[in-house]
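Overview (structure and organization)
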Amino acid sequence: MSEFAQLFKFAYNSNMKKFDFFNQYRDPVIVVRDYEEVVFKNNMFCHVFQQFGDIRKFAHQMSFDMCPVDSENVDLYSPIFQAIVSKENFFARVSYSSVNNKSAFYDLTAIKRGRYTILFLVDVSSDILLKTNQKEREMYQNKLKKLQEENDELQKIRQNAQSQAIKIALINKVSNNIRESMDISMILNSALKELAIMFGCFRAYYASCAEGAFYIEEVYGETNIAKSSKINFDAYTMKQLNSNKISLSYSLIEYLEAEPFKQSVLRIIVPVFHMQKMLGVIVLLSYQKRELNEEIEILDAISSQLGNAIIRAELYQKNAKNVKDLKAALEELKETQLQLINSEKMASLGQLVAGVAHEINTPVASIKSNNSLISKLIPKIEQEDLKQMFSEINSIDTEAIQRISNIVVSLKKFVRLDESDLQEANINKEIDLTLDLIRHETKGRVEIEKIYGEIPPIKCYPNMLNQVFTNILVNACQAIEGSGKITIVTTYNSKELVVKFRDTGKGIRKEDINKIFTAGYTTKNVGVGTGLGLAISQKIIDKHNGQIKVNSEVGVGTEFIITIKC
């Protein structure tokens, strides 16, 4: 027998008043007879749930993840009524939202005893908060680890760059020119220029090696040979090159199938290796007749350094491209994240509004029908004072019904999730629609001054712009302490729409101005703002090829200026 069942048995069989024993219990307890008759609430229940009115209101403030089979019975969406109608003892973890919009979590246990259902509520909010904090801590630890790994990788790249700089500083005059840049084309041109001067060449070029052939990449001097040209050398020369030996000869031809020179020229072919792989060759052509002794060692050194320089330049360019691609991917990820957050937010809002509209329209239709019937019966009332009283009531009810209907229509227009394409909209009317929806924020304390210009219908995404207007206006209302004023100005000139929202709130500090459009940044208290509203608003205005700017002065107020090219 469970602890709750033993307690109930003891209480029921004792000489105490039937359920008074539960006043000694440290958790909230409520006893319900039949379906909804509350027969007992212990002291702890009365203390915790001070706003308790009736079982239905209390039940509908609770929710859980189970889905009732009988979807037509709205009551069964509440864990309280699920527990009451259950034929066996019932357990579930539930969430409770108070009238102050504060949430708490409870383990709900229901004990069935005949017509009675005893409901025990054990507060587990702290356990859930602890688990949530643990998950967040683990997430941040993973992020920190990732950042540390990225930092280590950047440190390695930095160390490699420093190592390259040290090597560049130590090479001789010729090789130093090779090492001054990380651009392959610049490195080759610099090396070819210095070698051409050193050996008195009329032409010098570098050809990369690929699949047993060579392709011209850079040429210095006479340029009667085109870049990307394919060239080959005779077998003896190739044997020397493959053995990483410099080929020296006085030749009438530059390469196989080339037109012969009128006289023999000094042809120097220097293989460029990295490790055991041939990257390419440097070809030097000179009319000078000379002996090559120390120059061979210079060519060997330059060849080795040039091979390393080419590989490093390729790695550097590859790393630079990777960094650029990563930055682009990060920006794209941020854009996608904001879009997903906004899409999910608007989709949830649309579903909520659709449900609320349906729930409101049903009783309103009934009230409207009854009110219409009463209006027909009023003329038949003989007593004038009674007739006048019912006429006034009927008039007030008619106005209230119309007000509710207008609010429902405004809500449906606001979320228009089906309007994914550009549409023509009257911006002045869209702002009025937004003002209707936030009237609870402005009523009685914030004066709205509208200075509307003659604005033609413009092509836009109305639901998105309404979201921007709502965010700015709600922020303005929250910035106004006590009473204040919001001025809205719209103008249209030279196919440019300008909308200004100016408030008399507390203003924004200069150091915060440049941060307010950053996702996650907020100056509001914890639980009030997410820091996404203005970031999403900026993306929406960007989507309209427009701009959003802000001017603010602490103690004076803030002005948002939206400009859209139409």
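These numbers come from a predicted model, not from an experiment.

**Comments concerning the sheet that holds strand E3 (residues 62–63)**
In spatial order, the strands read E2-E1-E6-E5-E4-E3; together these 6 strands make up an open sheet with antiparallel pairing. Of all strands in the sheet, those bounded by a partner on one side alone are strand E2 (37–41) and E3. The sheet contact formed by strand E5 (residues 103–113) and strand E6 (residues 116–123) spans 8 bridges and is antiparallel. Counterpart to tyrosine 106 in the pairing with E6 is aspartate 123.

**Topic: the side chain of serine 537**
As for its placement among the helices and strands, serine 537 is situated in helix H15 (residues 533–543). Relative accessible area serves as the criterion here: at 2%, serine 537 is assigned to the buried category. Ignoring sequence-local partners within four residues, the contact set of serine 537 consists of Val468 and Asn471.

**Points about the sheet that holds strand E10 (residues 247–251)**
Strand order in the open sheet formed by 6 strands is E9-E8-E7-E12-E11-E10, and the pairing between neighbours is antiparallel. Each edge of the sheet is formed by a strand with only one pairing partner; in this case those strands are strand E9 (230–231) and E10. Examined bridge by bridge, strand E7 (residues 201–210) and strand E12 (residues 277–286) share 7 bridges and lie antiparallel to one another. By the bridge assignment for E12, cysteine 201 is matched with serine 286. Of the strands in this sheet, E7, strand E8 (213–221), strand E11 (265–274) and E12 are in contact with helix H7 (residues 184–199), which crosses E8 at around 65°.

**Focus on the nonpolar core**
Ile427, Ile431, Ile486, Phe501, Phe560 and Ile562 are the most contacted members of the largest nonpolar core, which has 36 residues in total. Elements that contribute at least two residues to this core include exactly helix H11 (427–437), strand E15 (458–460), helix H13 (462–479), strand E16 (484–493), strand E17 (496–503), H15, strand E18 (546–553) and strand E19 (557–565). Sequence-distant contacts of isoleucine 562, defined by excluding residues within four places in its chain, comprise Val468, Phe469, Ile472, Leu497, Val498, Val499, Phe501, Ile541, Gln547 and Ile548. Counting 27 residues, the second-largest nonpolar core is a separate cluster that includes Ile187, Leu188, Leu299 and Ala313.

**So, the confidence of the model for the chain**
Averaged over every residue, the pLDDT of the chain is 79; the share at 70 or more is 81%. In the model, residues 10–16 has pLDDT below 50 throughout and makes 7 contacts with residues more than four positions away in sequence or in other chains. Scored below 50 in pLDDT, residues 163–171 makes 11 contacts in the model with residues more than four places away or belonging to other chains.

**Some remarks on the packing of H11 against H13**
The interhelical angle for the contact between H11 and H13, taken along N-to-C directions, is 50°, at an axis separation of 9 Å. Judged by the angle between their axes, H11 and H13 are oblique. Crossing of H11 against H13: the hand is right-handed. Of H13, the residues touching H11 (which contributes Ile427, Glu430, Ile431, Leu433, Thr434 and Leu435) are Pro462, Leu465, Asn466, Phe469, Thr470 and Leu473. A per-class count over the contact of H11 with H13 returns 8 nonpolar, 3 polar and 1 charged.

**Thoughts on the packing of H13 against H15**
Direction vectors running N to C along H13 and H15 enclose 145°, while the axes themselves pass 9 Å from each other. H15 is crossed by H13, and the crossing has left-handed handedness. The residues of H15 that touch H13, namely those facing Met464, Leu465, Gln467, Val468, Asn471 and Asn475, are Gly533, Leu534, Ile536, Ser537, Ile540, Ile541 and Lys543. Along the lines of polarity and charge, the residues of the contact of H13 with H15 split into 7 nonpolar, 5 polar and 1 charged.

**A closer look at the pairing of E6**
With 6 of its 8 residues buried, E6 lies for the most part within the structure. Joining the antiparallel neighbours E5 and E6 is a turn of 2 residues, in which glycine 114 adopts a positive phi near 65°.

**Focus: unusual backbone geometry**
A positive phi angle, near 60°, is found at aspartate 34, a position not held by glycine. Its location among the elements puts aspartate 34 in the loop between strand E1 (29–33) and E2. For aspartate 34, a relative accessible area of 40% puts it in the partly exposed group.

**Looking at the packing of aromatic side chains**
All told, the structure shown has 19 aromatic pairs when counted by the stated rule. For the pair phenylalanine 21 and phenylalanine 22, a centre-to-centre distance of 6.0 Å together with 70° between the ring planes defines the contact as edge-to-face. Residues phenylalanine 21 and phenylalanine 22 agree in their burial class; the two are buried. For the ring pair tyrosine 25 and phenylalanine 120, a centre distance of 5.6 Å and an interplane angle of 75° mean the geometry is edge-to-face. You can see tyrosine 25 sitting in the loop between helix H1 (3–13) and E1 and its partner phenylalanine 120 sitting in strand E6, a full 95 residues away along the chain. The two residues tyrosine 25 and phenylalanine 120 agree in class, both being buried. Of the aromatic side chains, those joined through ring pairs into one cluster are Phe19, Phe21, Phe22, Tyr25, Phe40, Tyr116 and Phe120. Positioned over the ring face of tyrosine 461 is lysine 543, at 4.9 Å from the centre of the ring.

Conventions we followed
- Residues numbered from 1 in each chain as written.
- Predicted model: local features only at pLDDT ≥ 70, side-chain atom pairs only at ≥ 80, totals over all residues.
- Heavy atoms only, no water.
- Pairing = 2+ DSSP bridges.
- Helix = DSSP H or I, 4+ residues; strand = E, 2+ residues; numbered from the N terminus.
- Buried < 20%, exposed > 50% of the residue type's maximum accessible area, 1.4 Å probe, protein only.
- Contact = heavy atoms within 4.5 Å.
- Axes fitted to C-alpha atoms, helices over the stretch in contact; angles between N-to-C directions.
- Core = buried A, V, L, I, M, F, W, Y, C linked by side-chain atoms within 4.5 Å.
- pLDDT = per-residue confidence, 0-100.
- Parallel < 35°, antiparallel > 145°, perpendicular 65-115°, else oblique.
- Left-handed = near helix turned anticlockwise from the far one by under 90°.
- Nonpolar A, V, L, I, M, F, W, Y, C, P; charged D, E, K, R; others polar.
- Phe/Tyr/Trp six-rings, centres within 6.5 Å; stacked < 30°, edge-to-face > 60°.
- Lys NZ or Arg CZ within 6 Å of the ring centre and 35° of its normal.

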